[in-house]
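Spelled out from the first residue to the last, the chains are:
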Amino acid sequence: GEARIQFGIQHFAEEGGLEKTGIEDARLTFSWQLPVERCGAAAHFIVKLPNADNDERLGTDETDIFFLGSAGRTLAGWGWAGQIGFGILGSPTDAGVQDDLILFGAAAWKPLGAPAATKVTLFGEISGYAGSRFGNDFRLARAGLRLFRRFPLDLSVRRGLTSQSEDWGLEAGLTIRSAT
């Protein structure tokens, strides 16, 4: 299994309204490999912590949870994966109200150098939410670098693809893998 912590900075500008750049809510991810022979598969549990302010539209003042499954393959010199799952978002303005979402994504990566020895991997992904009752359907594209192998550090840039999404973001994530 592995544990990951992500922090980021985001920027958005609403038409005729608020424009803001700042620290977004942090995310903790716990992942477990699943015993599937034909491809790599994993289950993920993600908790979004309420450390960014909803009044600034950088966070939600709520703890949100997500459950995802992913599957993919590493081929000669590159890899791909897809994921699907569901999320439960709390409402920062209404007590006892939640938004149940479908989550989806697709990614590809390419190690720079020999795959077994490289310490740098390029990656890109498209992901989003769907099925929101409250306008939380967003899409974003992300590209970046993964550095190191034992404790991977991801550095990436994001671009929102819908009006509900941020305009852009920067992200850093550190993964801690179990010794097995």
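As a reminder, the structure under discussion sits directly above these lines.
Conventions adopted
Residues numbered from 1 in each chain as written. Predicted model: local features only at pLDDT ≥ 70, side-chain atom pairs only at ≥ 80, totals over all residues. Heavy atoms only, no water. Helix = DSSP H or I, 4+ residues; strand = E, 2+ residues; numbered from the N terminus. Rg over C-alpha atoms; globule rule 2.2 N^0.38 Å. Contact = heavy atoms within 4.5 Å. Areas by Shrake-Rupley, 256 points an atom, 1.4 Å probe, with all protein chains shown as cover. Lys, Arg positive; Asp, Glu negative; His and termini not counted. Charge placed at Lys NZ, Arg CZ, Asp CG, Glu CD. Core = buried A, V, L, I, M, F, W, Y, C linked by side-chain atoms within 4.5 Å. Buried < 20%, exposed > 50% of the residue type's maximum accessible area, 1.4 Å probe, protein only. Patch = residues over 30% accessible without salt bridge, like charges linked within 9 Å, V, L, I, M, F, W, Y side chains within 5 Å. Salt bridge = Lys/Arg side-chain N within 4 Å of Asp/Glu carboxyl O. 1 Å grid on protein atoms, 1.4 Å probe; cavity = no way out; pocket = protein on both sides within 12 Å on 5 of 7 lines; lining within 4 Å. Points joined across faces, edges and corners; volume = space filled by probe spheres on them.

## Thoughts on the overall build of the protein
Working step 1: Along its length, the protein carries 0 helices and 11 strands.
Working step 2: Listing each helix as α and each strand as β along the protein from the N terminus yields β-β-β-β-β-β-β-β-β-β-β.
Working step 3: A globule of 180 residues ought to have a C-alpha radius of gyration of about 16 Å, and the protein, at 17 Å, matches this closely.
Working step 4: The C-alpha extent of the protein, read off along each of the three principal axes, is 50 × 30 × 25 Å.
Working step 5: Taking the intrachain contacts of the protein between residues at least 6 apart in sequence as the baseline, contacts between residues at least 24 apart amount to 44%.
Working step 6: Here the protein displays about 10,200 Å² of accessible surface, and carbon together with sulfur accounts for 62% of that area.
Working step 7: Averaging the positions of the 18 positive and the 22 negative side-chain charges in the protein gives two centres separated by 14 Å.

## Observations concerning the nonpolar core
Working step 1: Ranked by size, the top nonpolar core spans 9 residues in total: Ile46, Phe66, Leu68, Leu89, Leu101, Leu103, Tyr129, Phe138 and Leu140.
Working step 2: Elements that contribute at least two residues to this core include exactly strand 5 (64-75) and strand 7 (98-111).
Working step 3: Discounting residues that sit within four places of it in the chain, Leu103 has contacts with Phe66, Leu68, Gln83, Ile84, Gly85, Phe86, Gly87, Gly128 and Tyr129.

## Topic: a nonpolar patch on the surface
Working step 1: The grouping of Ile5, Phe7, Phe151, Leu174 and Ile176 at the surface amounts to a nonpolar patch, some 430 Å² of accessible area in total.
Working step 2: For the nonpolar patch, the elements supplying multiple residues, two or more each, are strand 1 (2-13) and strand 11 (168-177).
Working step 3: By the element assignment, Leu174 lies in strand 11.
Working step 4: A residue is classified by how much of its surface remains accessible, and Leu174, at 36% relative accessible area, is partly exposed.

## Observations concerning the pattern of salt bridges
Working step 1: Summed over all chains, the structure comprises 10 salt bridges.
Working step 2: The closest approach of N and O atoms between Arg158 and Glu171, which form a salt bridge, is 2.8 Å. One end of the pair, Arg158, is in strand 10 (residues 153-160); the other, Glu171, is in strand 11, with 13 residues separating them in the sequence.
Working step 3: Salt bridges here are not isolated pairs; linked through shared partners, they connect Glu24, Glu125, Arg142, Arg158, Glu166 and Glu171.

## Let's talk about the layout of surface pockets
Working step 1: Computed from the structure, the second largest pocket encloses a volume of approximately 180 Å³.
Working step 2: Together, Phe12, Ala13, Glu14, Glu15, Arg57, Arg159, Gly160, Thr162, Ser163, Ser165, Glu166 and Asp167 line the second largest pocket.

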